[in-house]
Amino acid sequence: MPGTGDTPYVAVLLLASLSILTTLGGVALALYAGGRDRAVALGIGFSAGIMLLVSLLELIPEAAWSAGVGVAGLSFILGVGIVAALHWVIPHTHLVEEKGIFRPDLLRTAYLVAFGLILHDVPEGFAMANSYLASPSLGVLVAAAIALHNLPEEFAMALPIVAARAPRFLFLAALLSGLAEPAGALAGLVAVHIYPGLNAAFMAFAAGAMVFVSVHELLPMARRYGHTLLFFTGAGVSALVYGLLTAALPA
């Protein structure tokens, strides 16, 4: 094991815990936007855009490079298939008490978005842990990049939950999302000596889940709110932010 003593493990878990701060920030933004149709339409466009960009331009290529196109493709299809199955199960499943909720379609969207993003947070923690063990400076850089792009992702998770008026589920989803990255980092520390290739498959699986959620849930949700121009404006801003983030990082 690289390093001496427990220092690398403590540092990795502290860096992964940045996700708790980004979760709080995303939830705060969603609470501010909730109830304002124009802000919601803009936010949905931004959320869908950032999820698709991260999935298609980061997670899938990285998984294909690490594990091969076959493994990445199968994992992606599995992610789409499982979340599609959940799409049919969730309308009949009550994870939280739903008093006062008159839009079950919004609650289903909230469940699926939260599921997809929590899946996405776990391999991020895994990747950050492996980066730190390879080089502490690289690990810090990866953790900073993840924290920056997690903010709009956590906004994407919280927004439909706020729209569905499910405060208890918002608390539960925020808690699980905030803990998912430290859990992934802990899993990375353990799995790096067992089978590192699991990370690539998990990344592609998460990408499939996020693409399904973006196309099948967030886009129809945006149509219901109207303000199509604001939706596409939000998507354009997400592409700009994504470009700035990737340009700021070394190749």
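Above this text sits the structure in question.
Let us look at the structure shown here. (Residues numbered from 1 in each chain as written. Predicted model: local features only at pLDDT ≥ 70, side-chain atom pairs only at ≥ 80, totals over all residues. Heavy atoms only, no water.)

Some details on the overall build of the protein chain
Of the regular secondary structure elements, the protein chain holds nine helices and zero strands. Going from N to C terminus, the protein chain has its helices and strands arranged as α-α-α-α-α-α-α-α-α. Counting across all 251 residues of the protein chain, residues that qualify as buried make up 48%. Taking the intrachain contacts of the protein chain between residues at least 6 apart in sequence as the baseline, contacts between residues at least 24 apart amount to 86%. Taken as a whole, the protein chain presents about 11700 Å² of accessible surface, with 74% of it coming from carbon and sulfur. (Helix = DSSP H or I, 4+ residues; strand = E, 2+ residues; numbered from the N terminus. Buried < 20%, exposed > 50% of the residue type's maximum accessible area, 1.4 Å probe, protein only. Contact = heavy atoms within 4.5 Å. Areas by Shrake-Rupley, 256 points an atom, 1.4 Å probe, with all protein chains shown as cover.)

Comments concerning the side chain of S238
If you trace the backbone, S238 turns up in helix 9 (residues 228-248). Classification of S238 as buried rests on a relative accessible area of 0%. Side-chain polar atoms of S238 contact the backbone oxygen of A235, separated by 2.5 Å. Not counting residues within four places of it along the chain, the set of residues in contact with S238 comprises G45, F46, G49, I50 and L53. (Polar contact = N/O pair within 3.5 Å; in protein donor to acceptor, adjacent residues only side chain to side chain.)

Considerations on helix 3 (residues 37-67)
Across its 31 residues, helix 3 extends 42 Å between first and last C-alpha, which sits within 8% of the 45 Å expected from 1.5 Å per residue. Bending of helix 3 peaks at approximately 35° at the position of S55. (Expected span 1.5 Å × (residues − 1). Bend = angle between axes of the 7 residues up to and from the residue.)

A word on the nonpolar core
In this structure, I44, M51, M157, I161 and F169 are the most contacted members of the largest nonpolar core, which totals 45 residues. Contributions of two or more residues to this core are made by helix 2 (18-33), helix 3, helix 4 (69-89), helix 5 (104-134), helix 6 (136-163), helix 7 (167-191), helix 8 (198-225) and helix 9. At 12 residues, helix 8 tops the list of elements feeding residues into this core. (Core = buried A, V, L, I, M, F, W, Y, C linked by side-chain atoms within 4.5 Å.)

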